[in-house]
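Analysis of the macromolecular model
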Amino acid sequence: MLANTPKILVVEDDLQTRDLIARYLRDQSCLVATASNGREMDRYLAGHSLDLVVLDLMLPGEDGLTLCRRLRGDSTIPIIMLTAKGEDLDRILGLEMGADDYLAKPFNPRELVARINAVLRRQAQAGLAGRSGQSAARLRFQDWTIDLRLRELRDPDGAQVPLTSAEFDLLQVFCERPGRILTRDGLLTMTRSRPASPFGRSIDVLVSRLRRKLDTSEGSSVIRTVRTGGYIFTPHVEDA
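All of these numbers come straight from a predicted model, not from anything done at the bench.

Next up on the list: the pattern of salt bridges. In a structure, side chains of opposite charge can pair up when their charged atoms sit close to one another. Summed over the entire model, instances satisfying the criterion amount to 14 salt bridges. We note a salt bridge from Glu-62 to Arg-70, for which the minimum N-O separation is 2.9 Å. In this structure, Arg-138 engages Asp-147 in a salt bridge whose closest nitrogen and oxygen atoms are separated by 3.9 Å. A cluster of three or more residues bridged by salt bridges with shared partners is formed by Glu-12, Asp-56 and Lys-105.

Here it is, written out as structure tokens:
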């Protein structure tokens, strides 16, 4: 059962699959809208707010990867990708485009609900932290500033850098533990991601996404890979 009454858009071109997902989510107390392609998705988003998008990979016209990348360009709304292909490459590409999670078809609808719940739970916890009334916790590294209460990252010029919920969780873990070797399994646990699975490379994809946003000089990175170990956040971090 999903908490509260989340508003979810299901973007899926197969009518039978789309209706099955929509019916099941409505049975779990969700408000569900549907779209069969990118144009319908855009029309709905233009007039409605959402808590999450369930996005199929194989769509007519713009495919799911293209739509995911476009959504990520101006939104941090959580995205769960659906793919009929069980290959790692498709899942990696979806995560690289900014998806928060993925699910390979065929799947048990209960697993989709569990994935949605996990993503929405992280969002809710972030919202509670922002409304807690505690003094703002701000950290600075290399002239970048991360606000842990508002969950914002600002570059050295003061411009806000959009981060997904998963990206922010990972950056927070790094900033709170600079100079330490953090294993992939440890990062999965500390970022409240799902337990490691046979496809346990989601942390690597998130690190890659953070590097693209944080690394401003060619040939150097604020996140260093440790062979067979994990990652180290290299900058000095101080209270802002």
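And the narrative resumes.
To continue, consider the packing of aromatic side chains. Pairs of aromatic rings are described using the distance from one ring centre to the other and the angle between the two planes. If you walk through the whole model with that rule in mind, you get three aromatic pairs. Look at Phe-141 and Trp-144: their rings are 6.4 Å apart centre to centre, the planes differ by 5°, and that puts the pair in the stacked class. The same class applies to Phe-141 as to Trp-144, namely buried. Seen from their ring centres, Phe-174 and Phe-233 are 5.8 Å apart, and the 15° between their planes marks the pair as stacked. Here Phe-233 lies in strand β10 (residues 230–233) and Phe-174 lies in helix α6 (residues 165–176), a separation of 59 residues in the sequence.

As a further point, take α6. For α6, spanning 12 residues, the distance from its first C-alpha to its last is 17 Å, which sits close to the expected 16 Å at 1.5 Å a residue. With 10 of its 12 residues buried, α6 lies for the most part within the structure. Within the sequence span of α6, burial applies to Ser-165, Ala-166, Glu-167, Phe-168, Asp-169, Leu-170, Leu-171, Val-173, Phe-174 and Cys-175.

Right, let's get into the packing of α6 against helix α8 (residues 202–214). Packing of α6 against α8 leaves a shortest axis separation of 10 Å and a crossing angle of 85°. The angle between the axes of α6 and α8 places the two elements in the roughly perpendicular class. Here Ala-166, Glu-167, Leu-170, Leu-171 and Phe-174 of α6 lie close against α8, whose contacting residues are Ile-203, Leu-206, Val-207, Arg-209, Leu-210, Lys-213 and Leu-214. Taken together, the residues of the contact of α6 with α8 sort by class into nine nonpolar, no polar and three charged.

Reading guide: rules and limits
- Going along each chain's sequence as written, the residues are numbered from 1 onward.
- Whole-chain, interface and lining totals are the exception, using all residues; otherwise, since this is a predicted model, local features are given only for residues with pLDDT of at least 70 and side-chain atom pairs are given and counted only at 80 or more.
- Where side-chain values are given, they derive from all heavy atoms of the structure, hydrogens and water being excluded.
- A pairing counts as a salt bridge when a side-chain nitrogen of Lys or Arg comes within 4 Å of a carboxyl oxygen of Asp or Glu.
- Note on ring pairs: Phe, Tyr and Trp rings are taken, using the six-membered ring of Trp, and paired if centres are within 6.5 Å. Classes follow the plane angle, with under 30 degrees stacked, over 60 edge-to-face and the rest tilted.
- Relative accessibility thresholds used throughout: buried, under 20% of the residue-type maximum; exposed, over 50%; partly exposed, between the two (1.4 Å probe, protein chains only).
- The helix and strand labels rest on DSSP assignments: H or I over at least four residues marks a helix, E over at least two residues marks a strand, and numbering proceeds from the N terminus.
- Multiplying 1.5 Å by the helix residue count minus one yields the expected span of that helix.
- Under this scheme, a helix contributes an axis fitted over its contacting stretch, all axes are lines through C-alpha atoms, and angles between N-to-C directions fall in the 0 to 180 degree range.
- Here the angle decides the label: under 35 degrees means roughly parallel, over 145 means roughly antiparallel, 65 to 115 means roughly perpendicular, and every other value means oblique.
- For this analysis, residues touch if any pair of their heavy atoms sits within 4.5 Å.
- Asp, Glu, Lys and Arg are counted as charged, while Ala, Val, Leu, Ile, Met, Phe, Trp, Tyr, Cys and Pro are counted as nonpolar; the rest, among them Gly, fall into the polar class.

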